[in-house]
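# Examining the three-dimensional arrangement
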Amino acid sequence: MLEIRDLEVRYGGITALRGLSIDVREGETVLLVGANGAGKSSTINAVIGLVRPARGTIRLDGMDITAVACERRARLGIGYSPEGRRVFPTMTVVENVLSGAFGMGRRHQRQALDWLVSVFPFLAERASQPAGQLSGGQQQLVAIARAMCSQPRLLLLDEPFLGLAPIWVRQISEAIREMQRRGTTILMTEQMARPALKLATRGYVMRGGEVRREGTVAEIRDSALAEEYL
Amino acid sequence: MAPEPNLAARSPSRWGAQEWVAVAIFVAALAVPYATEDLLVHSIVNRVLIGAMAAFSVFIMLRMDLLSFATPAFMALGGYSAVLLAMNGVTEVLLIVPASFIVPALVALPLGALVLRLRGVYFVLVTFVLTEILQLIVFLTPGLTGGSDGLAGFPAPTLLGRDLSDAQSVLALAAAMALLAVVITAALTAHFRQHFAAIEENEVLAESLGLVVWRYKAMGFVVAAGIAGMAGFALGNMLLTVHPTSFGAQQAVDTIVYTIVGGRGSILGPVVGASLLVTAADFLGNQGQYAQGLFGLLLIFVTLVARGGITGAVVTLARRLRDARRTPDAPAAAASEAAARGGAGGGGGRGGGGAGGPEPMEATATGAAVAGVEELRVEGLTKRFGGLRVLEGISFTLAPGDILGVIGPNGAGKTTLINVITGRTPPSGGRILLGGHDITGEPTHTVSRRGVVRSFQQTNTFKSASVRENVSRALRFSGTAGAEGWARVAPLLEAFGLASRLDEQSDKLPYGLQKMLGLTLAYAADPKVLLLDEPAAGLERSERTRVDEFVHHVRARGCSVLIVEHDMDLVRRLCPRIIVLDAGVVLAEGPPAEVLSRKDVIDAYVGADAAEDEAA
Amino acid sequence: MHEFLTAGIIGISLGAQYALLALGFTLIFGILGVINFAHGGFYALGGYVAYAAVSQLGLPFPLAVLAAVIVTAALGALYERFLIERLVDDHLATMMLTLGLYLVISTGLLAVFGPQSPEFSFPVKGTLRAGTLYLPLENLVVLAVCAAAIGGLWLLIYRTDFGRALRALADDRKVAMTQGMRPGLLFPLAFGLATGLAGLTGALVTPILALSPSAGDPVLVTSFLTVILGGLGSITGAVVAAIIVGFVEAYASVYLGGSAGALILFVTVLVILLARPTGLFGREIRGA
């Protein structure tokens, strides 16, 4: 479904990705793990269009989207939950969620909201509270619900567990499972690799902007992980 | 070996050609009243002089990246003060001209303490409001200021008893005041060129190197107010009345237009802007309002096309012509640059210097006295943002010569720790002691002057300045300028390959070199304790040994170092002792080999199994 | 007592006008981060377009008002799209661009219509008697239109996809773009919406107050005051602050004299700016 070939990303003088190639097949949950600066977020940012790669191609269902503007990629069925949550702080919880389905019509928005509220009753409890006042875990849930609201075919999750207490890691994991049940393809990054590996079907270990190893969850063992980080 | 003698190049606070030309123009203006008796010329020249003076005030503020609409308010203060003195029998210009400078300057001093904390649009709005307030005060005090009638018919100023009411003297007085204004402006902006440029470009870095930013901002604000005050008096003297309508928002807009269109980058900008625009307005006929349309179009044009204004465009053009003439040299320069770039990228292939590691630096060490023997002690440091706990009860000691690594997952509070220690963020609790002296809550520049200096995670240099200028500013702001300072930095410049690129603009350097320059600047500030925020982030793997070189070098000179870093190889190499931060608390402390194999530390990085098991 | 009530009615009517003006101003700052010095220019332009439509084209007043809204909104949107958009993140540059536009608009009006105030009066005359109070009908019409426009704007900003997108862009432009919101399209629309509101106010109010090429000067000052008082970028704050400013102005002119009232307002605003730059109501549209 998603095909990244030979991707190179630079910020100013820094080369963040050097010739990265990754495949995500329909229905998979692919995890990118690696230490800080390994290039995980840069990969996600390139797929959603926040950075323009210096080289390489990104294909979605065979269509080359490398040059498609960021604002148009949501229309192609890509949902995105950014690193550090980044909910719209002055907007209410419901408005945040609905903004994920911008321009999709009221009927779709209402249906999606009903579904999301049934999955996460929390959204209804805090419906009209500004999202900026929520705790970190609540904000992360809102950010993921926002990404889910358009019912994307490909969901990008950048560090969904970052800085969260175990109870929230569990809740967020549940949200991700819900999307998996609906057949959504997921590409996620996570430093907290252990809980994330329980959700993934496959993974890539990254270091220095390159893929160091690729394999099934079993193949990316904890011992190998610790080695990459510490 | 070290190129010390020519490192510093020319004194950075010397007057340049532009300052001398500006002064020469105003000296020439002194002759105008005696060269012609054409009253039309007198009138235009007088208005140009006043416009330029007022524009100098805006120009000084723009040096600090502050757009001020308060110029007319200070003009009013100066104008009314001088006229009120004259009406009370003091007509001597040697008294009332200084008064027209000092009164607004004195008002600006406490005002500056309040308004200079604001930046960007908020500063603009506050100065706009100040001008409105001053006008309203005039309207409401008819007894003192004449209210909406203004003050007219005041006695003409005198010079040592000589009456100055004739047309020639009026213009000559304006020219003399304008000359004074340009000399003051040139002296201020040239002498503190580095300070203002640093404040405009990167206040945070300047402060971390020891610059007392507010002091220079206050100085600029006070002098700008005084110069505006003189312009206000000159205006009143020309119109034979001081009137509130002279000191409204319209005046502020005109003055700003003169400065921006003339060019905010050069002291000649206000002069050129006022000369051209006042004259142009005059030629558009006595319907002064039509000139406003021209001003508007010019403002839009300059903003879109020529950000440096007229003088900026001329300077750019001249530079291009000069470069065109120099083309024969260009290939050679490009080649040497390419070579240097290749060297930087290759890292390991850096030839003799690289292979030798820190040794060449040791060889050039100047034997400067080992910096103080003060330990940094942090006790129970706590920081909360609202309800969010970022740091909780952090304690550690950094003895002289220590190298301490601070690691932890994203969001653990590592950068906040550096911000709190260096006074950028006030702590919510706990103490920071340097050599037993409590420095908790001291401002960044004081902490820096005491010898606790940080580097920044992102490259942090004065981007538009050359390498030489960057180092020169760091030395000057930290109070260690002079040959001794350059001698301290020279080995580092040499080792990083910066010594041969002193005149290159810092943001044109390869990323790795920019980062090394950032470290060099921190060391230039003569620290006893260095706090490095991710010095290796973004560097090529092969370039990272330079961080090792740097740390070894400064440590050999008695500096203790705290390193926040994600590159565990680097941490293992450099730090005999590390601290692991997780969610704002110290999770572990000890030698890296021991700490990094602890289960709780690994869990902090890769996530605990337990969290998910509960869910299952 | 009569005096008190009459001043109150004038106050609320002034407050409604100021609210409409301040809303446009605050919208532009809140969403784009731009201080629009040309805001008063669009107000004056709206007045002149309406005047020209009535006097030259013989259009009925409501259509003339509509024409004013369309012209000012279109000019604003185009100016944003083709000039401001290029430098939208540079606050100094955008201030220069809007200041320049203001000078051009007011000079243009001067060149076309001359310095004299034209004969342009409100089509609805007379007073409404309520008990012993006489209410000028024109003020009531203005109040009604302003209230309707404020209500409409509120619905637009808080109850539609368009409004959500504008607020999302203000909060976090990059993330908003990843959700499919296009600043290249939405920013000009927001700018045009705001300048259209200024044009609407100008068309409605200048027949009652006065129409002149420099009619925008005091409008800009009042917008500044209101918006600082309410908090730059805050919609609720702008409305509440506008009503406060309206009342203070109305009562001060009766009991204190205009200048003293204005001075109190300005000093209050200065103190607020220094003590709490985000205003009484904080920032609502624009995140820190």
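Bringing the pairing of strand β2 (residues 14–24) of chain A into the picture now. Residue and element names in this part refer to chain A. Pairing between strand β1 (residues 2–11) and β2: eight bridges, direction antiparallel. Bridge pairing links R10 to T15 in β2. Connecting β1 to the antiparallel partner β2 that follows it, the hairpin turn spans two residues, and G12 within it adopts a positive phi of roughly 55°.

Each partner contributes residues to the interface: chain B has 39 residues there, and chain C has 38 residues. Both sides together, the interface formed by chain B and chain C hides about 3,500 Å², and carbon and sulfur atoms give 84% of it. It is Y122, L125 and L304 of chain B in chain B that bury the most area against chain C; as a group they hold 17% of the surface buried on that side. Across the chain B-chain C interface, the total number found is one salt bridge. In this structure, the salt-bridge partner of R307 of chain B is D90 of chain C, at a minimum N-O distance of 2.6 Å. Inspection of the chain B/chain C interface yields three residue pairs in polar contact (both at pLDDT 80 or more). Those elements that provide at least two residues to the side of chain B that touches chain C are α5 (93–115), α6 (120–140), α11 (249–262) and α13 (288–305) of chain B. Here the side of chain B that touches chain C takes 15 residues from α6 of chain B, the largest share from any one element.

Residues and elements named next belong to chain B. A sheet is described by the order of its strands in space; here six strands give the open sequence β10-β11-β12-β7-β13-β14, paired in mixed fashion. Two strands bound the open sheet, and with one partner strand each, they are β10 (452–454) and β14 (585–590). On average, each strand axis in the sheet is inclined to that of its neighbour by 20°, with strand direction left out of account. Where helix α26 (residues 599–606) meets the sheet, it contacts β7 (403–407), β13 (577–582) and β14, and its direction lies at approximately 130° from that of β14.

As a further point, take the environment of E28 of chain A. Residue and element names in this part refer to chain A. Note on placement: E28 falls in the loop between β2 and β3 (29–33). For the pair E28 and Q180, spaced 152 residues apart in sequence, the C-alpha separation works out to 8.2 Å. Looking at E28, its side chain comes within polar contact range of the main-chain nitrogen of R25, at 2.8 Å.

Time to look at the pattern of salt bridges. All chains considered together, the criterion is met by 44 salt bridges over all chains. In this structure, the salt-bridge partner of R86 of chain A is D172 of chain C, at a minimum N-O distance of 2.9 Å. Taken together, the positions of R86 of chain A in the loop between β6 (78–81) and α3 (93–99) and D172 of chain C in the loop between α6 (161–171) and α7 (173–178) put the pair across two chains. Relative accessible area serves as the criterion here: at 33%, R86 of chain A is assigned to the partly exposed category. One salt bridge in this structure joins E379 of chain B and R377 of chain B, with 3.9 Å as the shortest N-O distance. Residues joined in a network through salt bridges with shared partners are D6, E8, R10 and R55 of chain A.

Residue and element names in this part refer to chain B. Read across the sheet, four strands follow the order β6-β5-β8-β9 without closing on themselves; strand pairing throughout is antiparallel. Either end of the sheet is taken by a strand with one partner, and the two such strands are β6 (388–398) and β9 (437–438). As paired strands, strand β5 (residues 376–385) and β6 are joined by seven bridges and run antiparallel to one another. The partner of L381 across the bridge, within β6, is I394. Packing of helix α18 (residues 414–421) onto the sheet brings it into contact with β5, β6 and β8 (429–434), and relative to β5 it is tilted by some 115°.

Right, let's talk about helix α1 (residues 40–48) of chain A for a bit. Residues and elements named next belong to chain A. The element α1 is largely enclosed, with a buried count of nine among its nine residues. Along α1, the residues classified as buried are K40, S41, S42, T43, I44, N45, A46, V47 and I48. Remark: G49 follows α1 within two positions and exhibits a positive phi of approximately 100°.

A few words on a nonpolar patch on the surface. All names here are of chain C. On the surface, a cluster of nonpolar side chains totalling about 550 Å² of accessible area is made up of F4, L5, V254, Y255, L256 and I264. Contributing elements (two or more residues each) for the nonpolar patch: α1 (2–32) and α10 (235–255). Using a relative accessible area of 40% as the deciding quantity, one classes F4 as partly exposed.

Moving on to the pairing of strand β11 (residues 529–533) of chain B. All names here are of chain B. Among the five residues that make up β11, five are buried, leaving the element largely enclosed by the rest of the structure. Neither face of β11 is open: one carries V529, L531 and D533, the other L530 and L532, and all of them are buried. With five bridges joining them, β11 and strand β12 (residues 560–564) adopt parallel strand pairing. Opposite D533, over in β12, you have V564 as the bridge partner. As a crossover connection, the stretch from β11 through helix α23 (residues 545–556) into β12 is right-handed.

Glancing now at the environment of W115 of chain A. Residue and element names in this part refer to chain A. Mapped onto the elements, W115 comes out in helix α4 (residues 106–119). Setting aside chain neighbours within four positions, we find W115 in contact with M148, Q151, E178, M179 and R182. One polar contact links W115 to E178, side chain to side chain, over a distance of 3.1 Å.

So, on to unusual backbone geometry. Residues and elements named next belong to chain A. In the Ramachandran plot, D6 falls in the positive-phi region, its phi being about 55° despite a non-glycine side chain. A relative accessible area of 36% means that D6 is categorised as partly exposed. Here Q151, not a glycine, exhibits a phi torsion of approximately 50°, which is positive. With respect to the element layout, Q151 can be found in the loop between α6 (136–148) and β7 (154–158). Among the residues examined, Q151 registers a relative accessible area of 35% and is labelled partly exposed.

Once that is clear, we can look at helix α9 (residues 193–208) of chain B. Residue and element names in this part refer to chain B. With 16 residues, α9 extends only 18 Å from end C-alpha to end C-alpha; this falls clearly short of the ideal 22 Å at 1.5 Å per step. Of all bends in α9, the biggest is about 125°, found at N202. Looking at α9, one finds that the buried residues are Q194, H195, F196, A198, I199, N202, E203, L205, A206 and S208. Just past α9, the residue G210 takes up positive phi, approximately 110°.

Position of N96 of chain A among the secondary structure elements: in helix α3. The contact partners of N96 of chain A, leaving out residues within four places of it in the chain, are V87, F88, M91, A131, V142 and R146 of chain A.

All names here are of chain B. By the secondary structure assignment, I578 is in strand β13. Residues I578 and L188 lie 390 residues apart in sequence; the distance between their C-alpha atoms is 47 Å. Residues contacting I578, with those up to four places away along its chain left out, are L404, G405, I407, V571, A588, E589, G590, P592, V595 and L596.

For the rest of this paragraph, the subject is the packing of α9 of chain B against helix α20 (residues 467–477) of chain B. Working note: a packed helix pair is described by the angle between its axes plus the distance between those axes. Residues and elements named next belong to chain B. Viewed as axis vectors pointing N to C, α9 and α20 meet at an angle of 85°, and their least axial separation amounts to 12 Å. Compared by their axis directions, α9 and α20 come out roughly perpendicular. Contact residues: Q194, H195, A197, A198, E201 and A206 in α9; E469, S472, R473, R476 and F477 in α20. Grouping the amino acids of the contact of α9 with α20 by side-chain chemistry returns four nonpolar, three polar and four charged.

Inspection of every chain in the model, using the stated rule, returns 26 aromatic pairs over all chains. Measuring from ring centre to ring centre gives 6.2 Å for Y251 of chain C and Y255 of chain C, while their planes differ by 15°; the resulting arrangement is stacked. One end of the pair, Y251 of chain C, and the other, Y255 of chain C, are both in helix α10, four residues apart, so they sit about a helical turn from each other. Ring pairs connect the aromatic residues Y48, Y51, F61, F113, F120 and F122 of chain C, which therefore count as one cluster. Directly above the ring of F88 of chain A sits R146 of chain A, whose terminal nitrogen or CZ lies 4.8 Å from the centroid. Lying across the ring of F82 of chain C, R81 of chain C places its NZ or CZ 5.4 Å from the centre.

What follows covers empty space enclosed by the protein. Residues and elements named next belong to chain B. All chains considered together, the criterion is met by four cavities of 30 Å³ or more. Put simply, the largest cavity is a space of about 110 Å³. What lines the largest cavity is a set of 17 residues, and nearest its centre among them are S455, F456, N460, G518 and L519. The element contributing the most residues to the lining of the largest cavity is helix α22 (residues 511–524), with six residues.

All names here are of chain B. At a closest axis distance of 6 Å, the pairing of helix α4 (residues 71–87) and helix α10 (residues 213–239) adopts a crossing angle of 55°. Between α4 and α10, the angle falls in the class oblique. Crossing angle aside, the handedness with which α4 passes α10 is right-handed. Along its contact with α4, which presents T71, F74, M75, G78, G79 and A82, the element α10 presents F221, A225, A228, G229, A231, G232, F233 and L235. Split by residue class, the contact of α4 with α10 holds nine nonpolar, five polar and no charged.

Conventions adopted
- Residues numbered from 1 in each chain as written.
- Chains lettered and ligands numbered in written order.
- Predicted model: local features only at pLDDT ≥ 70, side-chain atom pairs only at ≥ 80, totals over all residues.
- Heavy atoms only, no water.
- Pairing = 2+ DSSP bridges.
- Helix = DSSP H or I, 4+ residues; strand = E, 2+ residues; numbered from the N terminus.
- Contact = heavy atoms within 4.5 Å.
- Buried area = accessible area lost by both parts, 1.4 Å probe.
- Salt bridge = Lys/Arg side-chain N within 4 Å of Asp/Glu carboxyl O.
- Polar contact = N/O pair within 3.5 Å; in protein donor to acceptor, adjacent residues only side chain to side chain.
- Axes fitted to C-alpha atoms, helices over the stretch in contact; angles between N-to-C directions.
- Buried < 20%, exposed > 50% of the residue type's maximum accessible area, 1.4 Å probe, protein only.
- Patch = residues over 30% accessible without salt bridge, like charges linked within 9 Å, V, L, I, M, F, W, Y side chains within 5 Å.
- Areas by Shrake-Rupley, 256 points an atom, 1.4 Å probe, with all protein chains shown as cover.
- Right-handed = clockwise from strand over helix to strand, strands pointing away.
- Expected span 1.5 Å × (residues − 1).
- Bend = angle between axes of the 7 residues up to and from the residue.
- Parallel < 35°, antiparallel > 145°, perpendicular 65-115°, else oblique.
- Nonpolar A, V, L, I, M, F, W, Y, C, P; charged D, E, K, R; others polar.
- Phe/Tyr/Trp six-rings, centres within 6.5 Å; stacked < 30°, edge-to-face > 60°.
- Lys NZ or Arg CZ within 6 Å of the ring centre and 35° of its normal.
- 1 Å grid on protein atoms, 1.4 Å probe; cavity = no way out; pocket = protein on both sides within 12 Å on 5 of 7 lines; lining within 4 Å.
- Points joined across faces, edges and corners; volume = space filled by probe spheres on them.
- Left-handed = near helix turned anticlockwise from the far one by under 90°.

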